[in-house]
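Structural characterization, general
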Amino acid sequence: MRQKRFIIFFLGIFFLAFAGRAEVLKVYRAESGVGWLERSEQGDLILHLEGSWYDMGYEQGKLLKKECLITLNSVKGLLRSYLPFASFKLTKKLLYKTVYKREEPYIPEEFKQELKGLADALEIRIEDLQALHAMIFIASCSGASAFGRATKDGELYQTRSLDYPLTFIDPKTKTPLQNQSLIVVYKPKGAIPFISFSWPGFIGSVGGCLLYTSPSPRDLSTSRMPSS
């Protein structure tokens, strides 16, 4: 219980700090909630999503359309570097049929709805996003841990590497995927709020997530938000 209170207190302080110093960039009002985008003083993009799962996906597409398309193009660039003789259309079809369709029965409906909202906002085929996510899920990360006699002080130390190649680059804008990092604050309707770390154009998390039960950052910064 004490640990839970500490986490809530820490997150509250974290977002109070952001609320006082972040710059609101865009606001999009969906039927079930309000999504908004801000940039912190440190330059981090923070995306706030609220409402139904479909609406949260749609909010991301509307607020980060340019950045989402850069991510999609960087994936295309990576696939071409690995499979220069295969068309993207063929590669995408293989990913969709051999990976996504096998995963589909185990994917919660809310995530499918979020992906549908994102595809609709970006005005692209949902199969393209499904293939993109299928490719990410077959990539592996590296990790190592050491403790006891293996460390100088006997404490536990853990490392983790994302292991994504530096060739994740959008051929058009020359933007690397690693420059596209994004903090996402989710407030799903009827579910527990949480924070995720990702890139534009992705749903889910590649770096873990935190539960978030403090007051809404939007409520803390109403005076800074545009009216439309």
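Above this text you will find the structure in question.
Residues numbered from 1 in each chain as written. Predicted model: local features only at pLDDT ≥ 70, side-chain atom pairs only at ≥ 80, totals over all residues. Heavy atoms only, no water.

Attention shifts here to the side chain of threonine 91. By the secondary structure assignment, threonine 91 is in helix H4 (residues 88-103). Those residues in contact with threonine 91, other than ones at most four positions away along the chain, are Leu79, Leu83 and Ala86. (Helix = DSSP H or I, 4+ residues; strand = E, 2+ residues; numbered from the N terminus. Contact = heavy atoms within 4.5 Å.)

Now for the environment of glycine 117. Looking at where glycine 117 falls in the secondary structure, it is placed in helix H5 (residues 109-122). Considered as a pair, glycine 117 and glutamine 60 are 57 residues apart in the sequence and their alpha carbons are 8.6 Å apart. Those residues in contact with glycine 117 that lie beyond four places of it in its chain are Tyr54, Gly57 and Tyr58.

What follows covers empty space enclosed by the protein. In the structure shown here, the tally under the stated rule is three cavities of 30 Å³ or more. Reported here for the second largest cavity is a volume of approximately 40 Å³. For the second largest cavity, the full set of lining residues is Val75, Leu79, Phe88, Lys92, Leu95, Asp128, Ala131, Leu132 and Met135. Counting residues per element, the lining of the second largest cavity draws most heavily on helix H6 (residues 126-137), which supplies four residues. In terms of residue class, the lining of the second largest cavity is built from seven nonpolar, no polar and two charged. (1 Å grid on protein atoms, 1.4 Å probe; cavity = no way out; pocket = protein on both sides within 12 Å on 5 of 7 lines; lining within 4 Å. Points joined across faces, edges and corners; volume = space filled by probe spheres on them. Nonpolar A, V, L, I, M, F, W, Y, C, P; charged D, E, K, R; others polar.)

Moving on, we come to the environment of alanine 30. Here alanine 30 is to be found in the loop between strand E1 (23-29) and strand E2 (34-39). Separated by 20 residues in sequence, alanine 30 and glutamate 50 place their C-alpha atoms 8.6 Å apart. Apart from residues no more than four positions distant in its own chain, alanine 30 is found in contact with Asp55 and Glu59.

Our focus in this paragraph is the nonpolar core. Judged by nonpolar contacts, the single largest core of 38 residues is most densely connected at Leu47, Leu64, Leu129, Met135, Phe168 and Tyr186. Listing elements by their share of this core, those giving two or more residues are strand E3 (45-51), helix H2 (53-63), helix H3 (65-82), H4, H5, H6 and strand E6 (182-188). In terms of residues, this core owes the most to one element, H6, which gives seven residues. (Core = buried A, V, L, I, M, F, W, Y, C linked by side-chain atoms within 4.5 Å. Buried < 20%, exposed > 50% of the residue type's maximum accessible area, 1.4 Å probe, protein only.)

Now for the packing of aromatic side chains. Evaluated as defined, the whole model comprises seven aromatic pairs. By way of ring pairs, the aromatic residues Trp53, Phe111, Tyr186 and Phe194 are connected into one cluster. (Phe/Tyr/Trp six-rings, centres within 6.5 Å; stacked < 30°, edge-to-face > 60°.)

Most of strand E7 (residues 194-198) is tucked away, with four of its five residues classed as buried. Sheet topology note: the E6/E7 ladder contains five bridges and is antiparallel. Bridge pairing in E7 links valine 185 to isoleucine 195. Hairpin connection from E6 to E7: five residues lie between these consecutive antiparallel strands, with glycine 190 at a positive phi of about 75°. (Pairing = 2+ DSSP bridges.)

Here we take up the pattern of salt bridges. Two side chains carrying opposite charge are able to pair once their charged atoms lie near each other. Following the criterion strictly, the structure yields six salt bridges and no others. Put simply, aspartate 120 and lysine 116 hold a salt bridge, and the shortest N to O gap is 2.8 Å. Separated by four residues within a single helix, aspartate 120 and lysine 116 lie in helix H5, roughly one turn from each other. Aspartate 128 is paired through a salt bridge with arginine 125; the nearest N and O atoms lie 4.0 Å apart. Given the relative accessible area of 51%, arginine 125 is considered exposed. What emerges from the salt-bridge pattern is a single network uniting Lys92, Arg125, Glu127 and Asp128. (Salt bridge = Lys/Arg side-chain N within 4 Å of Asp/Glu carboxyl O.)

Each pair of packed helices gets described by two things: the angle between the helix axes and the distance between those axes. Direction vectors running N to C along H2 and H3 enclose 90°, while the axes themselves pass 5 Å from each other. In terms of axis orientation, H2 runs roughly perpendicular to H3. Contacts between H2 and H3 involve Gln60, Gly61, Lys62 and Leu63 from the first element and Lys65, Glu67 and Cys68 from the second. Classifying every residue of the contact of H2 with H3 by side-chain character gives two nonpolar, two polar and three charged. (Axes fitted to C-alpha atoms, helices over the stretch in contact; angles between N-to-C directions. Parallel < 35°, antiparallel > 145°, perpendicular 65-115°, else oblique.)

It is worth spelling out H3 at this point. Along its 18 residues, H3 runs 26 Å from first to last C-alpha, staying within 8% of the 26 Å computed at 1.5 Å per residue. Turning to H3, its buried residues number three or more, namely Glu67, Cys68, Ile70, Thr71, Leu72, Asn73, Ser74, Val75, Gly77, Leu78 and Leu79. (Expected span 1.5 Å × (residues − 1).)

For glutamate 123, which is not glycine, the phi torsion reads 60° and is therefore positive. Looking at glutamate 123, the relative accessible area reads 66%, which means it is exposed. Even without a glycine there, the phi angle at lysine 174 is positive, about 60°. Turning to its location among the elements, lysine 174 is positioned in the loop between strand E5 (157-161) and E6.

Function-wise, these values are silent; they only describe arrangement.
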